[in-house]
Amino acid sequence: MENTQQPYFLIVGLGSSGLSMARFLHAKGQKVVATDIDPSRTQAETSLKDLGIPTQIGFHDQTTFNLAQTIVVSPGVPLDMTYLEIAARNGVPITGELDIFSRYNKTPVIAITGTNGKTTTTTLIRDMLEACGLTTFMGGNIGTPLVEYLMDDKQADWVVAEISSFQLDLAHNFKPEIALLLNVAQDHLDRYNNFDAYINSKWGIFRNQTSLDTAIINQAIDGFENRIPQISSQIFSFSSQPNSKGSDSKKSDSKTAQIKTRLNARISGYHLFLQTQDGFKDIDTRTFTELPGIHNRENISAACLASIVAGGNMQGIITALATFKNLPHRMAFVRTINGISFYDDSKATNTDAVVRALESFQTNIILILGGREKGTDFSQLIPQIQDPAKKVTKQIIAMGEAKEHIQQILGEICPVLPVSSMEDAVKKAYDIGCPGDVILLSPACASFDLYENYGARGDDFIAQVNAMANTLTNEMAKGVNNGQ
C-alpha cells in the first residue's frame, strides 16, 4: 500500500454512494483510499485512479483499514465485517455518508425514513415544494448520493433526502430540520440481530434534533407513545387508525412524560383531514388515481405535513398531488388481458408492503411471491390472505430461493404453485385466472437471487406479461385466418 504514512479517508464499498464520497472528499483536498471486495468494480477503479485515488479492488487489506484516519462505510457494507471490527478496536473512527454530508452541508434538510413508502413520500415532498415555488435537491437512498449536492454549484431551498436504516446506523451527528418516520415493520433481519435493533435504527433519525426542529411520525407505529418523550423536537403526527388520539398535551399509556403531540393529519376512508393555520382542510384522495391504497394516503399525509412545515401552501400541494405519476414497480398497473388485470409491485420486498398491496384490491388475487429472503416471516401474510370479507387470495405462485419456505408456511391456507422463472409464473397465473381477477407481483423478498435489483425483476414481469399478450393476440389472429 503506497503512502500509508499519510492520514487518509478509507472508503469501503464502491457503489454509487461510495464512489461519490471518494470523489467528494478528493475534491475537498483530502487524501482518499478506496476498497471494495467485489472484483467487478473495475469501472469504479479506473475512474478513481484517473483522479489519483489509490484503490484495492477484489480484496481487503487489514493494514489499510488500521492505518486510516477515518473509515467511511457505504450503506451496503455490513458493519460486523471483521476488517471494520479490528480497525475500530485499534481506535480508527468509523462513520457514514450522512455525517460527512452534515459536516459540509449548509442547506436545511427534510429526511424521510420508514420500512415502506420512503421513495413515494420523498418524491411527493419534492414535487409539492417545487409546485409551491421552492427549489429542492432530492437524493439519498432514492438514488443520488447526498454529497452530489455539495459538488453542484446550484443552491436549493431544501434538501429532500430518503434515508435508510443502513445510513442511520452510522449517523452520529446527522440532524435534519424536518424528519419523518412513516412506518416500521419487519425487514432486513438478515442484517440486524433482531427486530428491536432495526426499530432503534429507524427512530435514530430524531436522535440529534432540537426544539427548533420538527418530527413527523405515524401514530400507528408500535411504541409511539413511549418513544415521544425521548424526542426533543416539535412533533406532528398522522394516522389512519380510527382510535388515534391527538391533543396538545396528554399522558402516555405507559405513564411516562407528557406527550407534546397533536394529530395534525387524520385519515378517514378516502378523506384526509389536514390541519393548517386556516383550520382543517378536507382532501378527497379519490381524485389522485396514481396513489391507491391506505398506505398511500398515509404517505400523502406525511408529505403534506412536511411541505407545510417547510413553507409550502395548499395550492401547490394539491397541484402536485393532481399531477403525480406513480413510480415504477409500486402497485403499477401493467395491462388487462381478457379481463384479468396485471399489477407490478416488485418494490414490495417485505411482508408489510405485500399486506398493503393486498389491502388495495377488492377482488380475487393471484399473488406472485418469492425471491431472496431477508429473515422474512411469511406467516405475517396469513391474516390478509385469509380475509374473505374483502377479497380472496385464490392462488400463490412461488418463485426464487424462497419458494419452498413459502409453500411450507402458506401452503395449508392457500394453494401454492412453485415455478422456476418469471415467464412460468406469469403463464401459470394467467391460466389459473378468471375475468375480474388481479395477478399481483408483490414478492415480499429481495430480488438478488435472480435479478440485479427489484427494478429488473419488475421489468421482466412487465416484459413477460406483454409477450404473453402478443402471443395470445397472434394465436387469435391465426385462428381467425384459418376460419376457426
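Each remark here, short or long, concerns the structure printed above.
As the structure is a computational prediction, the values presented were derived from the model and not from experiment. (Residues numbered from 1 in each chain as written. Predicted model: local features only at pLDDT ≥ 70, side-chain atom pairs only at ≥ 80, totals over all residues. Heavy atoms only, no water.)

Another point: the packing of aromatic side chains. Enumeration over the complete set of coordinates arrives at 10 aromatic pairs. With a centroid separation of 6.2 Å and 20 degrees between ring planes, the pair formed by Phe 195 and Tyr 198 is classed as stacked. With Phe 195 and Tyr 198 both in helix H9 (residues 195-203) and 3 residues apart, the pair spans about one turn of that helix. Judged by its relative accessible area of 25%, Phe 195 falls in the partly exposed class. Classification of Tyr 198 by relative accessible area gives buried; the value is 1%. The interplanar angle of 70 degrees and the centroid separation of 4.8 Å between the aromatic rings of Tyr 343 and Phe 361 together place this pair among those described as edge-to-face. In this pair, Tyr 343 is assigned in strand E16 (residues 340-344) and Phe 361 in the loop between helix H13 (351-359) and strand E17 (365-370), connecting sequence segments 18 residues apart. Cluster of aromatic residues (ring-pair linked, three or more members): Phe 166, Tyr 192, Phe 195 and Tyr 198. (Phe/Tyr/Trp six-rings, centres within 6.5 Å; stacked < 30°, edge-to-face > 60°. Helix = DSSP H or I, 4+ residues; strand = E, 2+ residues; numbered from the N terminus. Buried < 20%, exposed > 50% of the residue type's maximum accessible area, 1.4 Å probe, protein only.)

A few words on the environment of Glu 401. Mapped onto the secondary structure, Glu 401 falls in the loop between strand E18 (393-399) and helix H15 (403-410). By relative accessible area, Glu 401 is classed as partly exposed at 49%. Residues Glu 401 and Gly 76, 325 residues apart in the sequence, show an inter-C-alpha distance of 21 Å. When neighbours within four sequence positions are excluded, Glu 401 is seen to be in contact with Gly 371, Arg 372 and Asp 449. For Glu 401, the side chain forms a polar contact with the side chain of Arg 372, separated by 2.8 Å. (Contact = heavy atoms within 4.5 Å. Polar contact = N/O pair within 3.5 Å; in protein donor to acceptor, adjacent residues only side chain to side chain.)

Glancing now at the pattern of salt bridges. The final tally for this structure, using the stated rule, is 11 salt bridges. For the salt bridge of Lys 394 with Asp 437, the shortest nitrogen-to-oxygen distance reads 2.8 Å. Placement of the pair is Lys 394 in strand E18 and Asp 437 in the loop between helix H16 (422-432) and strand E20 (438-441), with a sequence separation of 43 residues. Residue Asp 437 is classed as buried on the basis of its relative accessible area of 4%. (Salt bridge = Lys/Arg side-chain N within 4 Å of Asp/Glu carboxyl O.)

What is shown is where atoms sit, not what they do.
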